Structures are given as structure tokens and as C-alpha cells.
2 protein chains.
Amino acid sequence: MIVSKKTNGVMGRKNPKKWEHRFREMGMRFTEPRRVILEVLGNTVEHLSAEEIYMRVYKKHPNIGLTTVYRNLYTLERMGIVTKFHFGDGCHRYELIEGHKKPDHHHHLVCTGCKRIIDYDDFMDEEIAYIKKVEKALSRKHSFDITDHVIQFYGLCKKCKAA
Amino acid sequence: MIVSKKTNGVMGRKNPKKWEHRFREMGMRFTEPRRVILEVLGNTVEHLSAEEIYMRVYKKHPNIGLTTVYRNLYTLERMGIVTKFHFGDGCHRYELIEGHKKPDHHHHLVCTGCKRIIDYDDFMDEEIAYIKKVEKALSRKHSFDITDHVIQFYGLCKKCKAA
DNA sequence: AACAATAATGATAATGATTATCATTACCAA
DNA sequence: TTGGTAATGATAATCATTATCATTATTGTT
Ligand SMILES: [Mn+2]
Ligand SMILES: [Mn+2]
Ligand SMILES: [Zn+2]
Ligand SMILES: [Zn+2]
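A brief structural summary. (Residues numbered from 1 in each chain as written. Chains lettered and ligands numbered in written order. Predicted model: local features only at pLDDT ≥ 70, side-chain atom pairs only at ≥ 80, totals over all residues. Heavy atoms only, no water.)

**Things to note about the protein's contact with DNA strand D**
As a structural note, the neighbourhood of DNA strand D is formed by 20 residues, with A:Thr31, A:Arg34, A:Thr68, A:Arg71 and B:Tyr70 the closest of them. Here the atoms of DNA strand D within 4 Å of the protein split so that 63% fall in sugar or phosphate, with bases taking the remainder. Here A:Thr31 contributes a side-chain N or O atom positioned 2.7 Å from a phosphate oxygen of DNA strand D. Contact distances for DNA strand D include 2.9 Å between a phosphate oxygen and a backbone N or O atom of B:His92. Within the residue set of the surface near DNA strand D, elements represented by two or more residues are helix H2 (32-42) and helix H4 (66-78) of chain A together with helix H4 (66-78) of chain B. (Near = heavy atom within 4 Å. Polar contact = N/O pair within 3.5 Å; in protein donor to acceptor, adjacent residues only side chain to side chain. Helix = DSSP H or I, 4+ residues; strand = E, 2+ residues; numbered from the N terminus.)

Here it is as C-alpha cells:
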């Protein structure tokens, strides 16, 4: 089963019924577990771990297994529908790339106290410009094909500062 | 055992004999395992995992245990001597903050093919300027105390592109 | 020097997240 | 229908990292 990355676009966004098409067009099936996992991811602003996704799935579909959640998160990742992050607590966290509840491309602010994660996409103009520049320079200098980046700021949120 | 972060400076750099002082001044002992771990970290440009560090330590000091390596990496991290990274393969990787073999403050270029990691510190001036700016804005907007950041570019290196 | 206090170690077992196996089920195409 | 394959779910296995705990090493003090 080979999955080509990035057939993205506006498709899928605000139109979850069309997820099905994404799967079908690559000869994959749009199963119940997949529908439900995407539903969970589409209805939160949080950055959930596999376990957390599983727990939410479990509430309405106790028959769906944790293994299936892991397996499909990996599938969704390869399809370019979901991204996986690591914020320094012991697990990976997943996020819909084109979710109604999320800014389209964004970076993260991570509280090392309460582990809360804030999406931000203001400053994006400068950021994008700057990143493009560095990417280009790095690509040339090291003959690297840059496809992605991670930018995270760590610190203490208001509450954690006080406490 | 409480360790305050950041007593950094030029100290220690190019002067490994002074690591001892760093420990002593906080009532800690500069033990053989610590000396050896720092030696390993000081003699490489790589970003080693705990296991890899342990293996190098093992060659000359087979009596030093993996547990001790983990424990001391944690200690060194809290002392601000070492930083821990996560590059997407399944483990944490460590790096001396003030190593002879490293640019002082730098960011990373990660090949998702061969997992090789390239340090870069050209563009650092711009990058720092940019980061300061974003940090300030984010700090204000979200009342966040930003203490650290992670900037990583992912892609394929020359070799992995070809293959 | 002998001693008590405690820092640090190392062997081992335990944990927690993720992955591999494999028999079973669901779906599609002929 | 029926055969072939995709996908699932229960279970066991892996791998990195931590927790325990008895032992050893170091330091400051009589
Ligand atoms: Mn996010
Ligand atoms: Mn580095
Ligand atoms: Zn917080
Ligand atoms: Zn490579």
C-alpha cells in the first residue's frame, strides 16, 4: 500500500464528507474507524496523543481498538492529512492539517509547566518570509531538499508563572 | 539535589578540566562516569542517543552502567551543560552546549532519509533577531515567559535525494 | 584514622508508548 | 457467489526510559 504525500488543497476542509474521496482515489477504504478518528481530530483544538484519541473514540465506539488508532494515524500522516508532533512530554501528538478549528499553517507555543499548547499564526508574514529565505539558503548550501520545518517556543504560561 | 540552570559563560569551553568546578560549586561530585560522559560528548560532532553514548563509554569503561548514563544526562541537562533533542526517530539525542566541536548556538537540518543531522549557524544573526522579535510579541500577547525554542528544518540530503 | 552522613552508582525490575503478529472480518470486483 | 485483498482487533513483543534498592565512594567531622 503506497501513499503519495500531498494531494492537499481546499478539498476536505469544511467538507468532511469528502474525506471519503481522498481514500477512494487511492484504492483505500473509508472505514468506520477512519471516519471516527477524523471526526475526533476535526472537533478539537487540542493536540491529542494516540491514547487520548483512542479514549474519545472509545466513548461512542468501544469496539475500535487502540492498535487501529495508531495504524490509521500513521496512514493519515502518510496521506498528508495529519501531522505528528513531539512537544517534550513522552508521546507523539497529532493534529489535522486542514481542520476547521485550526489556523491553516501555524507554529507552537508550549508551556513546560502545564503542557498546554498554543497555536499561533499571527506574525506569519514575517515568519514565512524569513523561513523561505533560510530554506532557500540552506537548501543551496547543503544540497538539501527541505520539505518541512518545526518551530516551537517553550516557556511558562501565565498561570504556571504565578504558581 | 537542586540544580539551578545557567551558570554558563565561557567557562568550561575549551577547558574541560573546569567541569569539575561546575559540579563542586553546587556540592556535587565530579565522578568518573561524569568525566567520561562529558569526554564522549566533547569529542563528537554527532547528536548521540543515550544508548550510543553508553556504547562509547563502554569501550573504555565497561563497568559504567546505562542507568548512570541516563541519570547523568538528566543531571547535565538540568545544569545547562547539555541539551536534549528529539528529531523524529524514536529516541532523545544529546549535545554539549559549549563544545569545542560545535557552533555555539545553532539550529538543525534533519535528513528524514538517513537521519543525519546538520548543525548550522550561518543566518544566525538574522535568525536571532527574528526570534527575539517573535518571542517578544508572543510573550506579550499570551503572557508567556519564553525560555527556549526549537527550530528544525526537515528534508532530504543530497545522497538520499539521489537514491 | 575511624565514623557518620549522604551522594552516586549499577543491577535489576518495571513502566509506558509504540509496533509486530496473526487469525478474523469487511469490502470490492469479476 | 466467490475469491482476493484491505482493514481490523486481540495479543504479545519491543524499545527507550524510569524506578527501586542494596552497595560503594566521598566528604566533612570527631
Ligand atoms: Mn497546532
Ligand atoms: Mn546540534
Ligand atoms: Zn502552563
Ligand atoms: Zn540523508
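**Points about the coordination of the zinc ion (ligand 3)**
Residues and elements named next belong to chain A. Each protein donor to the zinc ion (ligand 3) is listed here as Cys111 (SG), Cys114 (SG), Cys157 (SG) and Cys160 (SG); together their distances run 2.2 to 2.4 Å. In this structure, the zinc ion (ligand 3) is surrounded by four donor atoms whose angles at the metal cover 103 to 114°, and the resulting shape is tetrahedral. Summarised as a motif, the one-chain spacing of the donors to the zinc ion (ligand 3) is C-x2-C-x42-C-x2-C. Of this pair, Cys114 sits in the loop between strand S4 (107-111) and strand S5 (117-120) while Cys157 sits in the loop between strand S6 (145-156) and helix H6 (158-162), and the two are 43 residues apart along the sequence. (Donors = N, O, S within 2.8 Å, 3.2 Å for Na, K, Ca; no water. Tetrahedral: all angles 85-135°; square planar, octahedral: opposite > 155°, others 65-115°.)

**A few points about the coordination of the manganese ion (ligand 2)**
Put simply, a metal with four donors set out as a tetrahedron has ideal angles of 109.5 degrees, and one with six donors set out as an octahedron has ideal angles of 90 or 180 degrees. Residue and element names in this part refer to chain B. Within the protein, the atoms that donate to the manganese ion (ligand 2) are His47 (NE2), Glu95 (OE), Glu95 (OE), His106 (NE2), His108 (NE2) and Asp119 (OD), at distances of 2.1 to 2.6 Å. Around the manganese ion (ligand 2) sit six donor atoms; with metal-centred angles ranging over 54 to 166°, the donor geometry is irregular. Read in sequence order, the donor residues coordinating the manganese ion (ligand 2) give the pattern H-x47-E-x10-H-x1-H-x10-D. You can see His108 sitting in strand S4 (residues 107-111) and its partner Asp119 sitting in strand S5 (residues 117-120), a full 11 residues away along the chain.

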